[in-house]
Amino acid sequence: MNNSHVSPGSFTGTSPVWLKEPDDVNDLMPHLWSQTAEKRDGDLYVGGLSIPELVANVNTPAFILDEDDFRSRARAFKEAFAPADVYYAGKSFLCTEVARWIDQEGLCLDVCSDGELTVALRAGFDPERIGYHGNNKTAMELRRAIIAGVGRIIVDSFDEIERIGAITAETGTPARVMIRVTAGVEAHTHEFIATAHEDQKFGFSISSGDAFGAARRILEHPGIDLRGLHSHIGSQIFDTAGFEVAARRVLALHAKIAHELGHVMPETDLGGGFGIAYTSQDDPKPPVELAAGMREIVTQECRGLGIEEPHLSIEPGRAIVGPSMCTVYTVGTVKQVALDGGHTRTYVSVDGGMSDNIRTALYDADYSATLASRTSDAAPVVARIVGKHCESGDIVVKDEFLPSDIRPGDLVAVPATGAYGRSMASNYNHALRPPVVAVKDGVARTLVRRETVEDLLTTDLG
Ligand code: LLP
């Protein structure tokens, strides 16, 4: 799904052409790992803690969250984009403590459900600094958001405009909204996570006139304050050209609404979607570069349109939490499977799988991995790391060089699983969703505990 990929099927033997044999299979590839990750005598350390020792207590599979790394990525976005606001996309991963970190680092928060809003409010997050997304928010969700004083609701349909209008009229509480627009940009990412092309469920199309029509309709509701336009073109994007085209179209509409409807909106949000490195193929731009590019386009466009620059905001999720977490698994079985052409593939089965990382199965995503609990002198072999679920598509890492003596009891760690790993985890096969353990300065804190069988039985009324 990454834009720099070779086409599927371009294999040499049993591995994709981009996968290069490492000089030393025991080494970490630093740009894939959180900043405090390192190997000491073959053991993975994160946050100054030995991961083999840590999981001896918390068990596997487990998500390990590097707090310093998370905070520094959040800060890097905040500082690079200032004075723009950075809304951390909670859908990528959210729990009460992470909402507090986001607050402490001075970021705002994007939520997209009543559940996420509840976590944010529980963390004491100022509702003013929360944005609320969703293409089908219920009347109950909207009412709660409006009464809580959420700073911006990102409106996604004409039905929703009427719903919000009715709630503001009935409760006497005004609502601040942005219009989610589709800019007609084909972002180079997996089809399922691209969101600004025309034929999809989100937002109002700019080119069809719907987005303008939405603005006109909103302005007819006295209780709704139209704050701006919002565009999110997709996820795991490396090519900034898509953001540029979207920004141009969004700002042109911004100007049209000002000129033709006489309403000057103070804000514009250009969404999230900044790509991260999952494998050696990926080379993401640092936030300062992204920010400089975006600022330049906005300044230029606004000058050309003769409008004042609106206050900008962005919504990264993956680029903050993605690289901050890794998942640690225990190897259960190792199997050599004969393939056509005399090749074999080494299947390494671990104690998790598609219930803690659906992204490989869902988006054909690539990941990397390392042996995390010892050094090995054995020759590297291209292995496939698979889960324990009853599906052949239950793959965690499609192809990775691991030592050929990989065996049951070894720990393997997969980097860059922080975004959409735990947040899209499921109880498939009645799997118990793994914990999230934060590590910092040699101290571990469980932020989300492992589920128990009792948790599962609570909802099964027998
Ligand atoms: N803003 C909006 C309106 C979004 O819909 C999303 C992601 C974001 C911001 C954050 O995007 P990010 O910076 O994290 O790429 N589950 C998929 C990605 C779907 C993302 C949905 N929306 C995945 O695992 O890749």
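As the structure is a prediction and not an experimental result, all values here were calculated from the model. (Residues numbered from 1 in each chain as written. Predicted model: local features only at pLDDT ≥ 70, side-chain atom pairs only at ≥ 80, totals over all residues. Heavy atoms only, no water.)

1. Quick word on the nonpolar core
Moving on, step 1. Core analysis: the biggest nonpolar cluster contains 103 residues, and F81 and Y88 have the highest contact counts within it.
Moving on, step 2. The greatest single-element share of this core, amounting to eight residues, is contributed by helix 8 (residues 241-261).
Moving on, step 3. Both domains that furnish three or more residues to this core are identified here as domain 1 (30-66 + 323-458) and domain 2 (82-321).
Moving on, step 4. One finds I64, A277, L411 and V439 within the second-largest nonpolar core, a separate group that totals 20 residues. (Core = buried A, V, L, I, M, F, W, Y, C linked by side-chain atoms within 4.5 Å. Buried < 20%, exposed > 50% of the residue type's maximum accessible area, 1.4 Å probe, protein only. Helix = DSSP H or I, 4+ residues; strand = E, 2+ residues; numbered from the N terminus. Domains from an automatic or database assignment.)

2. Side note on the environment of A82
Moving on, step 1. Within the secondary structure, A82 is located in the loop between helix 2 (67-81) and strand 7 (85-89).
Moving on, step 2. On the basis of relative accessibility, which here comes to 41%, the residue A82 falls in the partly exposed class.
Moving on, step 3. The spatial distance from the C-alpha of A82 to the C-alpha of Y45 is 33 Å, given a sequence separation of 37 residues.

3. Quick look at the sheet that holds strand 3 (residues 38-40)
Moving on, step 1. Strand order in the open sheet made by the three strands is 3-4-5, with antiparallel pairing throughout. Edge positions in the open sheet fall to strand 3 and strand 5 (49-50), since each of these has one partner strand only. (Pairing = 2+ DSSP bridges.)

4. Quick notes on the packing of helix 8 against helix 9 (residues 287-305)
Moving on, step 1. Axis separation between helix 8 and helix 9 bottoms out at 10 Å; the angle between their running directions is 35°. The chirality of how helix 8 crosses helix 9 is right-handed. Where helix 8 approaches helix 9, its residues F243, E244, A247, R248, L251, A252, A255 and H259 are matched on the opposing element by M294, I297, V298, E301, C302 and L305.
Moving on, step 2. For the contact of helix 8 with helix 9, the per-class residue count stands at 10 nonpolar, one polar and three charged. (Axes fitted to C-alpha atoms, helices over the stretch in contact; angles between N-to-C directions. Left-handed = near helix turned anticlockwise from the far one by under 90°. Contact = heavy atoms within 4.5 Å. Nonpolar A, V, L, I, M, F, W, Y, C, P; charged D, E, K, R; others polar.)

5. Description of the side chain of D282
Moving on, step 1. Its location among the elements puts D282 in the loop between strand 14 (267-269) and helix 9.
Moving on, step 2. Buried D282, no salt bridge; nearest opposite-charge side chain is R359, N-O distance 8.8 Å.
Moving on, step 3. In terms of polar contacts, D282 uses its side chain to reach the backbone amide nitrogen of Y278, at 2.9 Å. (Lys, Arg positive; Asp, Glu negative; His and termini not counted. Salt bridge = Lys/Arg side-chain N within 4 Å of Asp/Glu carboxyl O. Polar contact = N/O pair within 3.5 Å; in protein donor to acceptor, adjacent residues only side chain to side chain.)

6. Remarks on empty space enclosed by the protein
Moving on, step 1. Under the criterion given, the structure shown has two cavities of 30 Å³ or more.
Moving on, step 2. A volume near 50 Å³ is recorded for the largest cavity.
Moving on, step 3. In terms of lining, the largest cavity is formed by I237, F238, T240, F243, F274, G275, P284, K285 and L290.
Moving on, step 4. Residues of the lining of the largest cavity, tallied by class, amount to six nonpolar, two polar and one charged.
Moving on, step 5. Considered as a void within the structure, the second largest cavity measures approximately 40 Å³ in volume.
Moving on, step 6. Along the walls of the second largest cavity sit W18, L19, M29, T279, S280, Y367, S368, D399 and E400, which together make up its complete lining. (1 Å grid on protein atoms, 1.4 Å probe; cavity = no way out; pocket = protein on both sides within 12 Å on 5 of 7 lines; lining within 4 Å. Points joined across faces, edges and corners; volume = space filled by probe spheres on them.)

7. Some words on the site of the ligand
Moving on, step 1. For the ligand, the set of nearby residues contains 18 residues, the closest of which are S235, E315, R318, R359 and Y420.
Moving on, step 2. E315 is positioned with one of its side-chain polar atoms (N or O) 2.6 Å from a nitrogen atom of the ligand.
Moving on, step 3. Taking Y420, its side chain carries an N or O atom lying 2.7 Å from an oxygen atom of the ligand.
Moving on, step 4. Its residues assigned to classes, the shell around the ligand shows six nonpolar, six polar and six charged.
Moving on, step 5. Summarising the domain contributions, the shell around the ligand has at least three residues from each of domain 1 (30-66 + 323-458) and domain 2 (82-321). (Near = heavy atom within 4 Å.)

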